[in-house]
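Here is what each chain is made of, one letter per residue.
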Amino acid sequence: MSNAKYALIDCNNFYVSCERLFDPKLEGKPVVVLSNNDGCVVSRSNEAKEIGVPMGVPYFKVAYLEKQKGLIARSSNYPLYGEMSSRVMKMLGEFAPGQEVYSIDECFLAVGGLPDAVATGRELKAAVKQSLGLPVCVGIAPSKTLAKLSNNIAKSTARFGGVFDYTALSSEKQTQVLKAMSASKVWGIGRNLTEKLQSRGIYTAYDLRESDAEQLGKLFSVVLKRTILELRGQACIGLEQVGEARKQILSSRSFGRNVFELAELEEAVAQYATRACEKLRRDRSVTSEVQVSVRTSAYADSTFADSKVIALPYATDDTMLLVKTAIQALRSVYQKGYTYQKASVSFGKVQPKEGRQISLFTPSGADEKSEKMMKALDAANSRWGRGTIFLAAEGIEKPWQMKAEHKSPAYTSNWNELPIVKA
């Protein structure tokens, strides 16, 4: 463990960077990407930060900056971000013997066995920029917690050129770095824990490093104990080469406008169930429990919320069966006269498809027929774009869909929206 060394690679302002990749006119301008229904700011360019746009602010509160400061907003384009993330992670995985994809725009690499981790960091940074057009920063340290901290320094301090190696610092410099950083900036230290630590006189990352790991571990959690040891350079959290299979899958959205009728709710629930089925099959999993929830706005004059769980006689990943079950659940909770704002579909009792126990209630030959049909469905939608083939239950017009008034084209997943280069 003493020879462990990790690099955290983080894509800078990832959603905004993806938008700029296919629309170079956005370079150098204040740009934000909005959450579902064009609600809140979830990604900001450096220029947007400079004109005072906070992270998470509802967009209507800063929309005036469009005229005053030239602020540009884009609706979330998750298919584009997911595709670019896959390309980035695949490329980064080629630079080291071990990789853990931590989020859509971050991954850890095991670089302890490489002759020059900093040179590798600079090489991969240049390669991602040249091949994919996305800027990344690299933080290198003897533990994952310090690598996260180092990445923040690489991103915020221009003189390091986007690559910062904590291990290259003297012990005195390392102490200075930790003293200058709030404990709240340490990986895994949330707001509630920050307040509890401050009540014990722990304000900086240095204070946390020098605290009693055993005592705080007993008072709070073993996770905090590991964090303290990681700040001391002890690698307590190894790479997770393969993430654990999800035990639950959720698909949930707020509607673009108020929904009153059951027919529109059924369309929305059918689409959400379809999306959850896609996740299910990507994980090579099956489910035997479907839950549907609906609710009105918390600010409506008359509020309502309810949910229904239906257990299936056997585990499956069949979209048609699961959509049918979800609609059945919806009909049992729907109450006429309310203004609905949101619905969700979740699958419980999720288990790996391989090795699952076959039920006596499974119709003869149904499993094989379903698998062929789902493979054909997924193949067509993968090749020609999501929604090329869909269930009629999902509807055609979909007036209830999320608002996305500033959405960019599906550059990487729809033939009709491929970028065109004009001479």
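This structure is a prediction, so every number in the text was calculated from the model and none was measured.

A. Inspection of the overall build of the chain at higher detail. For the chain, the count of helices and strands is 14 helices and 13 strands. The principal-axis extents of the C-alpha atoms in the chain amount to approximately 65 × 55 × 50 Å. The 423 residues of the chain split such that 46% are buried. Intrachain contacts of the chain at a sequence separation of at least 6 include 67% that bridge at least 24 residues. When the accessible area of the chain is evaluated, it comes to approximately 22,400 Å², of which 50% is carbon and sulfur surface.

B. Representation of the packing of aromatic side chains in the model. Taken as a whole and judged by the stated rule, the model has eleven aromatic pairs. The interplanar angle of 10 degrees and the centroid separation of 4.3 Å between the aromatic rings of Tyr15 and Tyr81 together place this pair among those described as stacked. Within this pair, whereas Tyr15 is found in helix α1 (residues 14-22), its partner Tyr81 is found in helix α4 (residues 78-92), the two being separated by 66 residues in sequence. Residue Tyr15 is classed as buried on the basis of its relative accessible area of 18%.

C. Just the environment of Ala270, in detail. Along the polypeptide, Ala270 turns up in helix α12 (residues 262-282). Taking the C-alpha atoms as reference, Ala270 lies 7.1 Å from Ala326; in sequence the two are 56 residues apart. Discounting residues that sit within four places of it in the chain, Ala270 has contacts with Val323, Ile327, Ala393 and Glu394.

D. Fine view of the sheet that holds strand β1 (residues 6-11). Spatially, five strands are ordered β5-β6-β1-β7-β8 in an open sheet, and the strand pairing comes out mixed. Two strands lie at the open edges of the sheet, namely β5 (98-103) and β8 (163-165), each paired on one side alone. Averaged over all pairs of adjacent strands, the angle between their axes in this sheet comes to 15 degrees, without regard to strand direction. Here β1 runs beside strand β6 (residues 106-110); their pairing, made up of five bridges, is antiparallel. Opposite Ala7, over in β6, you have Leu109 as the bridge partner. Contacts from helix α5 (residues 117-132) reach β1, β6, β7 (136-141) and β8, with the element oriented near 165 degrees to β7. Against the sheet, helix α6 (residues 144-156) contacts β1, β5, β6, β7 and β8, and its axis sits at roughly 140 degrees relative to β7.

E. Broad picture of the packing of α1 against α4. At a minimum axis distance of 10 Å, the contact between α1 and α4 shows a crossing angle of 95 degrees. In terms of orientation, α1 lies roughly perpendicular with respect to α4. Facing Phe14, Tyr15, Cys18, Glu19, Leu21 and Phe22 of α1, the residues of α4 in contact are Tyr78, Leu80, Tyr81, Met84 and Ser85. In terms of residue class, the contact of α1 with α4 is made up of nine nonpolar, one polar and one charged.

F. Local environment of the sheet that holds strand β2 (residues 31-34). Read from one edge to the other, the open sheet built from three strands follows the order β3-β2-β4, with strand pairing classed as mixed. Two strands bound the open sheet, and with one partner strand each, they are β3 (41-44) and β4 (72-75). Each adjacent strand pair in this sheet contributes to an overall mean axis angle of 30 degrees, direction not counted. Note that β2 and β3 share three bridges and pair antiparallel. Each residue of the ladder has a partner; that of Val33, found in β3, is Ser43.

G. Region of the structure containing the pattern of salt bridges. The final tally for this structure, using the stated rule, is 16 salt bridges. In this structure, Glu264 engages Arg257 in a salt bridge whose closest nitrogen and oxygen atoms are separated by 2.7 Å. Residue Asp378 is joined to Arg281 by a salt bridge in which the shortest nitrogen-to-oxygen separation is 2.6 Å. Here Asp378, found in helix α14 (residues 366-384), pairs with Arg281, found in helix α12; they are 97 residues apart in sequence, far enough to count as distant. Take Arg281: its relative accessible area is 11%, and that puts it in the buried class.

H. View of the side chain of Asp23. Note on placement: Asp23 falls in the loop between α1 and β2. We classify Asp23 as buried; its relative accessible area is 16%. A distance of 3.3 Å separates polar atoms of two side chains, one belonging to Asp23 and the other to Arg74.

I. Spotlight on α12. For α12, spanning 21 residues, the distance from its first C-alpha to its last is 30 Å, which sits close to the expected 30 Å at 1.5 Å a residue. Burial of α12 is extensive: 16 of the 21 residues sit out of reach of the surface. In the stretch just after α12, Arg284 is the one whose phi turns positive, near 55 degrees.

Reading guide: rules and limits
Residues numbered from 1 in each chain as written. Predicted model: local features only at pLDDT ≥ 70, side-chain atom pairs only at ≥ 80, totals over all residues. Heavy atoms only, no water. Helix = DSSP H or I, 4+ residues; strand = E, 2+ residues; numbered from the N terminus. Buried < 20%, exposed > 50% of the residue type's maximum accessible area, 1.4 Å probe, protein only. Contact = heavy atoms within 4.5 Å. Areas by Shrake-Rupley, 256 points an atom, 1.4 Å probe, with all protein chains shown as cover. Phe/Tyr/Trp six-rings, centres within 6.5 Å; stacked < 30°, edge-to-face > 60°. Pairing = 2+ DSSP bridges. Axes fitted to C-alpha atoms, helices over the stretch in contact; angles between N-to-C directions. Parallel < 35°, antiparallel > 145°, perpendicular 65-115°, else oblique. Nonpolar A, V, L, I, M, F, W, Y, C, P; charged D, E, K, R; others polar. Salt bridge = Lys/Arg side-chain N within 4 Å of Asp/Glu carboxyl O. Polar contact = N/O pair within 3.5 Å; in protein donor to acceptor, adjacent residues only side chain to side chain. Expected span 1.5 Å × (residues − 1).

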